[in-house]
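Coordinates in review
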Amino acid sequence: MRQRTHEGFLRHKGFRWAQIATLLCLVVVAVYFFVAARLAEPPSGGSWLGYTLGTISAGLIVWLACLGIRKRVITAGHYSLKAWVSAHVYLGLSLTVLATLHTGFQFGWNVHTLAYVLMMLVIASGALGIWAYATLPQRLHGNRGETTRKQMLEAIESLDKQLHDLAQPLDRAGAQVVRLSLEQTEIGGGFWRRLTGAHGDCANLRAMRKLKQLPAPATPRQAEALARIETVLQQKADVLGLARRQMQITALLEGWLFVHIPATFALLAALTAHVVSVFTYW
Amino acid sequence: MSELYKIAIIGSGPAGLSAAAHAAKKGISHVLLEKTDHLSDTIFRYQKGKHVMATPAVLVLRADCEFDAGKREKILAQWDADAKAAGVNVRFKAEAKAITGEKGDFTIELTKGQPIRAENIVLAIGTQGNPNLMRCDGAALPHVQYQLDDPGEYTDEHIFVVGSGDAGIENALGLAADAAQGNTVTILNRSADFARAKKANVDNLIAARDAGRMTIMTETSPVLVEPGWITVETPQGSSRYKCDRIIARMGASPPRKFVEAAGLSFASDSPSAFPTLTPTFESSSKPGIYVIGALAGYPLIKHCMNQGYDVVEFISGVTDLEPADEPLLKDKLKALPGLLSVSQWLEFLRSKVEILNGLSPLQMREFLLDSEVRAYKPGEAIFIRNDQGSSLFGIADGAVKVEVDPSNPNITVPIGAGSIFGEVGLISGRKRGATIRASEPTICVEIPRMAALKLMAQVPEARETVNRITSERQVLQIFKSGLTPADISEVLAGAEVMEVRPGQAIINEGDVSDDLYIIRSGSMIVEKNLGGKPVFMSYVPAGSYSGEMAMMERSPRVATVKAAIRSTVVKLPAEPFRALLARKPELAKRMQTEMRARREINAFIEEQKEEFGGAVDMYSSVANFLIKQGIGEATDVLLIDESLCVGCDNCEKACADSHDGLSRLNREAGTTFANIHVPTSCRHCEHPHCMSDCPPNAIRRGPDGEVFISDTCIGCGNCQRACPYGVIQMDKPPPPKPSLFSWMLFGKGPGPGQPDYEWRKKASKGGAGGESPKLAIKCDMCSGKAGGPACVRACPTGAAIRVSPDAFLSVARIDRGAG
């Protein structure tokens, strides 16, 4: 159910930037083979065509990197971040063609090839990002329903409060189990843990196991408390599961950026070295 | 017999206190009666440390008490000192019960102690002090109380708290706080949720219930109180509980009964009506009793204090006192031609404009403070077609012409002096339907929506006039076709204005009826039963009609038409309308064409339903979901397509960064249906709930249709409570952040978006900013920003869109959804 004015960043304006990028690639490929057919060896970065392609590619790289600034500077004028992202995606992909032709297929163990490899790494991680943005949002929102992150944390907090109150009549061993869940449960953890969703050693889970192994309660009051604690621990496990799945999908949506952004900065550095060395030593 | 005072002042709020201070300064014998044991109870009960504002800023304060914006404590201390310095004769714990006698010798009965005698009485009791009483049997028993001073006083009691506002919840929590007190506390709530209370209070209440410290009964109301017992009505039936004490906190209402019993008459039966007063604040039905402050319709502190001063002057015989608002009015009227004085202008407008005829000079003065008077040259546009505007215009002098045909500005309809225009925008909240220009030198008074509604509530004649003219003009505007008022007089004679509740049907499918309906305000949805299920066919906004098929073809109704929100419709009887159609073939042709178009849409949906049943069901249920979310009263709403939203919150960050660092939307909160998420963000309703009770009148509709809060906001929080969608928050702008580049390069400051609480606290400590009040903030649709709403511009994936409901609920969406 979409209105015509309502298109995602990939379909923006009827794939306008996909068309522009494809056209750009086609023109560049045609020119390249037209020129190459008349030469003994393929045109290298040092030829006029190489310089042209290099200049276009370097310009594109710098412009593509500016998305990070555009995203954060909220100016009052007419602009659409969606259009920027659309152009960023398709022009970024077109760099695989432009920059490869710029190399003239000459690779080696040098800063020039390093810049090329970093660029391909940035593009590959970006492609991962396109996949993530195109497929994960459904799962992200399907998982949380109408519960917000804040509500999930508040739910855990309120369950903790209940656990604390319920644990009052317990003996030392029982209290220890509740304290394990109260004090050592980690909702998220490091990025890797969030990404993989490996929470097998979760303190709440351990508390639930230990609760079952406790000796029979001494008084009926304790027995009742233990029974209610078991329910609350299970409720807490459910909310934790929900929150962790949410964090896992969020981590997947963000994970590629941990490659994309640092690689972009490395690329900008390598690109600078590449350009400077070309003009200094050639 | 006790002493006869010259003036007895009831109520020691800003108005009463100011009157008493002035009387004391003038050496007039007086007494100030206060029901509690401190001055100015309404402000005393403000939350600790609350910043009290002093608006309107332009109004000069004329009083013997100081008042300037500041903390509640500072203001109260100042007034205590002022009262003492002036030598005010104040009687605490003196609650007036009844007023008897005549001017020159009134007697005020008190609930405790000797009656008080006075020649004149000033009523400055405000509107807050009277708690709403329980109305069930036994409510008068002594264990029913309306106040809880110290929750620690009660032990081992079964206590029921009635009421779901903050006061009730706080009382219940207080009573249950200490388990050692042994109280069994139950809170009763008439509705299903605690919508009127602060979130923190509700959270604490739920936590206390979960911890077993108290019981919450929702959708429950008391039906019978007996000593030691209470009977309540629950959704499951009625039950009787043990009960030693009932604390009823059900809000307060203006003490109309008390005032009427004293012999004062009110302008109308409307709950919002005020007592009728002379220009000197004296009751027009009971001489010697003066009414000032909120009870007289002036809720702002400065107004109240000025009136306190003025009323004492009037009582002591001064007749030519220049009102404190005189310079304001002078300023307002100075651009007009002719050299009339303020009071001459007031009289001129009042006598010339028909709907103002019923106002008193005092009301006229107040009315003009809210309104604008302007002079127009011949040919000058007063408003343009499709402008946003909800104000009403009255023509005091001259005449205007309405350009009824957008394609040909030469076709005009005249409106003469004394009449009004702009009433359709006022009532429906939709854009202006036609351009209106002055046809000769003209003087018009522009009445903002709130002032116009107040006028209609106060003066029944004004309401009738506006209603009559509205129906007539609306019919002319909807059907056009060169109709004149004379043509439709017969149709209008049988017209009936009806209020429709949300969900109530005005037309039922299959019924045999043939009246025509015009939607004056609100909106309707059209549903048809297809394959045993109601299917959403179309959305009919205000300013449109429904029911023409049965009227023209004398066939049973083909679809059900029901209200999406609270609406007003005008029912036009079929017979005279058919006669009109017979006389006007052009109108008949026009309606035939429109009917054919509507029929084609219906046929299209029915056909689609057979082929793509799923898509139509989806379309229908999405439409119903959006209507349920209040989209039916929205003019512009932010929606998020969850199949595209990556949860980056760039929309929120963009909102914060383009509005003083505070985000006015909450992306995650709100409801979702079939990928469409309605975040917590302003919908810019046709008739904004937030506008209904804004003391400084700070909430207005801007030129692009946006509902915004101007900088005259006093931070009272009424709008926050009134908004059913929870989109208004009270907050103060955070201190300025370091620039984006120093954040990107050196990690300075909190980065883009709304800074977190910790950072704000730390950063504001360093600055010399001093105290700044919490004001109401909400979405202003980024008005004045060339690129439009920042949230939409800043969405990287195109998930965020802003739409108007009629565009969104159009049938054009079906085939794309199916395809």
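Residues numbered from 1 in each chain as written. Chains lettered and ligands numbered in written order. Predicted model: local features only at pLDDT ≥ 70, side-chain atom pairs only at ≥ 80, totals over all residues. Heavy atoms only, no water.

**Comments concerning the overall build of chain A**
A tally of helices and strands in chain A yields eleven helices and zero strands. The N-to-C order of helical and strand elements in chain A reads α-α-α-α-α-α-α-α-α-α-α. Scaling as 2.2 N^0.38, a compact globule of 282 residues should have a C-alpha radius of gyration of about 19 Å, whereas chain A reaches 28 Å, well beyond that. Overall size of chain A, expressed as C-alpha extent along the three principal axes, is 95 × 50 × 35 Å. Within the span of chain A, comprising 282 residues, buried residues form 41% of the whole. If you take every contact in chain A between residues at least 6 apart in sequence, the share linking residues at least 24 apart comes to 77%. For chain A, the computed accessible surface area is about 15500 Å², with 64% contributed by carbon and sulfur atoms. Distance between charge centres in chain A, computed from 28 positive and 15 negative side chains, equals 10 Å. (Helix = DSSP H or I, 4+ residues; strand = E, 2+ residues; numbered from the N terminus. Rg over C-alpha atoms; globule rule 2.2 N^0.38 Å. Buried < 20%, exposed > 50% of the residue type's maximum accessible area, 1.4 Å probe, protein only. Contact = heavy atoms within 4.5 Å. Areas by Shrake-Rupley, 256 points an atom, 1.4 Å probe, with all protein chains shown as cover. Lys, Arg positive; Asp, Glu negative; His and termini not counted. Charge placed at Lys NZ, Arg CZ, Asp CG, Glu CD.)

**Remarks on the domain arrangement of chain A**
Residues and elements named next belong to chain A. In terms of domains, chain A is made up of domain 1 (12-145 + 255-281) and domain 2 (149-254). Of the residues lining the interface, eleven residues belong to domain 1; the matching set on domain 2 comes to eleven residues. Both sides together, the interface formed by domain 1 and domain 2 hides about 1100 Å², and carbon and sulfur atoms give 63% of it. Put simply, domain 1 and domain 2 have zero salt bridges between them. (Domains from an automatic or database assignment. Buried area = accessible area lost by both parts, 1.4 Å probe. Salt bridge = Lys/Arg side-chain N within 4 Å of Asp/Glu carboxyl O.)

**A look at the sheet that holds strand S22 (residues 412-415) of chain B**
Residues and elements named next belong to chain B. Strand order in the open sheet made by the four strands is S19-S24-S21-S22, with antiparallel pairing throughout. This sheet does not close on itself; its edge strands, each paired only once, are strand S19 (381-383) and S22. Adjacent strand axes in the sheet meet at a mean angle of 30° when their direction is disregarded. Here four bridges tie strand S21 (residues 400-403) to strand S24 (residues 435-438), and the two strands are oriented antiparallel to one another. (Pairing = 2+ DSSP bridges. Axes fitted to C-alpha atoms, helices over the stretch in contact; angles between N-to-C directions.)

**Some thoughts on the interface of chain B and chain A**
Counting from both sides, the interface comprises 49 residues of chain B and, opposite them, 38 residues of chain A. Of the roughly 3700 Å² buried where chain B meets chain A, counting both sides, 55% is carbon and sulfur surface. Scanning the region where chain B abuts chain A turns up two salt bridges. Linking Asp-649 of chain B and Arg-149 of chain A is a salt bridge whose minimum nitrogen-to-oxygen distance equals 3.8 Å.

**Looking at the side chain of His-143 of chain B**
Residue and element names in this part refer to chain B. Considering the arrangement of structural elements, one finds His-143 in the loop between strand S8 (116-123) and strand S9 (144-145). A residue is classified by how much of its surface remains accessible, and His-143, at 13% relative accessible area, is buried. Discounting residues that sit within four places of it in the chain, His-143 has contacts with Val-225, Glu-226, Pro-227, Gly-228, Cys-243, Asp-244, Arg-245 and Ile-246.

**Considering empty space enclosed by the protein**
Residues and elements named next belong to chain B. Scanning all chains against the criterion turns up six cavities of 30 Å³ or more. Of the voids in this model, the largest cavity is the one considered here, and its volume is about 230 Å³. Of all the elements in the fold, those that place two or more residues in the lining of the largest cavity are helix H10 (361-370) and helix H12 (449-458). If you tally residues by element for the lining of the largest cavity, the top one is H10, at five residues. Counted by class, the lining of the largest cavity contains ten nonpolar, five polar and three charged residues. Both domains that furnish three or more residues to the lining of the largest cavity are identified here as domain 1 (4-130 + 254-315) and domain 3 (326-480). (1 Å grid on protein atoms, 1.4 Å probe; cavity = no way out; pocket = protein on both sides within 12 Å on 5 of 7 lines; lining within 4 Å. Points joined across faces, edges and corners; volume = space filled by probe spheres on them. Nonpolar A, V, L, I, M, F, W, Y, C, P; charged D, E, K, R; others polar.)

**Thoughts on a nonpolar patch on the surface**
Together, Ile-69 of chain A together with Phe-741, Met-744, Leu-745 and Phe-746 of chain B give the surface a local cluster of nonpolar side chains, amounting to about 510 Å² of exposed area. Per element, the largest residue contribution to the nonpolar patch is four residues, and it comes from helix H21 (residues 740-746) of chain B. Note on placement: Phe-746 of chain B falls in helix H21. (Patch = residues over 30% accessible without salt bridge, like charges linked within 9 Å, V, L, I, M, F, W, Y side chains within 5 Å.)

**Points about helix H16 (residues 574-583) of chain B**
Residues spaced three or four apart along an α-helix face the same direction, because each turn holds 3.6 residues. Of the positions making up H16 of chain B, those classed as buried are Ala-574, Pro-576, Phe-577, Arg-578, Leu-580 and Leu-581 of chain B. Lining the buried residues of H16 of chain B we find helix H13 (460-479), helix H14 (485-493), strand S28 (516-521), helix H15 (548-553), strand S33 (567-572) and helix H17 (585-611) of chain B.

**A closer look at the domain arrangement of chain B**
Residue and element names in this part refer to chain B. If you check the domain split of chain B, you get domain 1 (4-130 + 254-315), domain 2 (144-248), domain 3 (326-480), domain 4 (489-610) and domain 5 (626-818). Between the C-alpha centres of domain 1 and domain 3 the distance comes to 35 Å. Each partner contributes residues to the interface: domain 1 has 14 residues there, and domain 3 has nine residues. It is Ala-267, Pro-279 and Tyr-298 that lose the most area in domain 1 upon contact with domain 3, and together they represent 37% of the buried surface on that side. Put simply, domain 1 and domain 3 have zero salt bridges between them. Applying the counting criterion to the domain 1 and domain 3 interface returns zero residue pairs in polar contact (both at pLDDT 80 or more). (Polar contact = N/O pair within 3.5 Å; in protein donor to acceptor, adjacent residues only side chain to side chain.)

**Some details on the sheet that holds S33 of chain B**
All names here are of chain B. Taking strand neighbours across the sheet as the criterion, the four strands line up as S26-S33-S28-S31 in an open arrangement whose pairing is antiparallel. Every other strand in the sheet has two partners, leaving strand S26 (496-500) and strand S31 (545-546) as the edge strands with one partner each. Of the strand pairs in this sheet, S28 and S31 are connected by two bridges, and their pairing is antiparallel. Bridging from a neighbouring strand, Ile-518 pairs with Tyr-545 of S31. H13 rests against S28, S31 and S33 of the sheet, and its axis sits at about 115° to S28.

**Quick word on the pairing of S8 of chain B**
All names here are of chain B. Most of S8 is tucked away: seven of the eight residues are buried. Looking at chain direction, strand S7 (residues 105-110) and S8 are connected through three bridges and run antiparallel. Among the inter-strand pairings, Ile-108 is bridged to a residue of S8, identified as Ile-116. Counted along the chain from S7 to the antiparallel partner S8, the turn is five residues long, and its residue Gly-113 has a positive phi close to 90°. The pairing of S8 with strand S17 (residues 289-291) spans three bridges and is classified as parallel.

**Digging into the confidence of the model for chain B**
The predicted model of chain B averages 84 in pLDDT, with 95% of residues at 70 or higher. Within the model, the stretch residues 811-819 of chain B combines pLDDT values under 50 with 22 contacts to residues more than four positions away or in other chains. (pLDDT = per-residue confidence, 0-100.)

**Here's the deal with the pattern of salt bridges**
All names here are of chain B. Within this structure, the stated rule accounts for 42 salt bridges over all chains. Glu-73 serves as the salt-bridge partner of Arg-72, at 2.8 Å between the closest nitrogen and oxygen. Under the relative-accessibility criterion, Arg-72 is labelled buried at 10%. For Glu-226, the salt bridge is made with Arg-240, and the minimal N-O distance between the two is 3.1 Å. With Glu-226 in strand S13 (residues 221-226) and Arg-240 in strand S15 (residues 237-242), the pair connects residues that are 14 residues apart, well separated along the chain. The class for Glu-226 is partly exposed, based on a relative accessible area of 24%. By sharing partners, the salt bridges in this structure join Asp-514, Arg-554, Glu-575 and Arg-578 into a single network.

**Section: the confidence of the model for chain A**
Note: predicted coordinates in regions of low pLDDT should not be interpreted at a detailed level. In this model, chain A carries an average pLDDT of 89, and 98% of its residues clear a pLDDT of 70 or more. By mean pLDDT, helix H8 (residues 191-196) of chain A is the weakest element of chain A at 87, and helix H4 (residues 81-103) of chain A is the strongest at 95.

**Brief notes about unusual backbone geometry**
Residue and element names in this part refer to chain B. Phi is positive for Ser-40, which is not a glycine, with a value near 50°. The topology assignment puts Ser-40 in the loop between strand S2 (30-33) and helix H2 (41-44). Positive phi values are uncommon outside glycine, yet Asp-156 reaches one of about 50°. Relative to the elements of secondary structure, Asp-156 occurs in the loop between S9 and strand S10 (158-162).

**Observations concerning the side chain of Ser-663 of chain B**
Residues and elements named next belong to chain B. Within the secondary structure, Ser-663 sits in the loop between helix H19 (650-658) and strand S35 (666-673). Classification of Ser-663 as buried rests on a relative accessible area of 6%. Engagement of the side chain of Ser-663 in a polar contact is seen with the backbone oxygen of Leu-665, the distance being 3.0 Å. Every residue in contact with Ser-663, bar those within four places of it in the chain, is listed here: Glu-652, Cys-655, Ala-656, Gln-729 and Gln-754.

**What about the environment of Gly-522 of chain B?**
Position of Gly-522 of chain B among the secondary structure elements: in the loop between S28 and strand S29 (523-530). Separated by 111 residues in the primary sequence, Gly-522 of chain B and Glu-633 of chain B have C-alpha atoms spaced 6.5 Å apart.

**Considerations on the packing of helix H2 (residues 48-65) of chain A against H4 of chain A**
Residue and element names in this part refer to chain A. Remark: H2 packs on H4, axes separated minimally by 9 Å, with the N-to-C direction vectors making an angle of 150°. Taken together, the axes of H2 and H4 are roughly antiparallel relative to one another. In the crossing of H2 with H4, the sense of the turn from one axis to the other is left-handed. Residue-level contacts link Gly-50, Leu-53, Gly-54, Ile-56, Ser-57, Leu-60, Ile-61, Trp-63 and Leu-64 of H2 to Trp-84, Ala-87, His-88, Leu-91, Gly-92, Ser-94, Leu-95, Leu-98, Ala-99, Leu-101 and His-102 of H4. Its residues assigned to classes, the contact of H2 with H4 comprises 13 nonpolar, seven polar and no charged. (Parallel < 35°, antiparallel > 145°, perpendicular 65-115°, else oblique. Left-handed = near helix turned anticlockwise from the far one by under 90°.)

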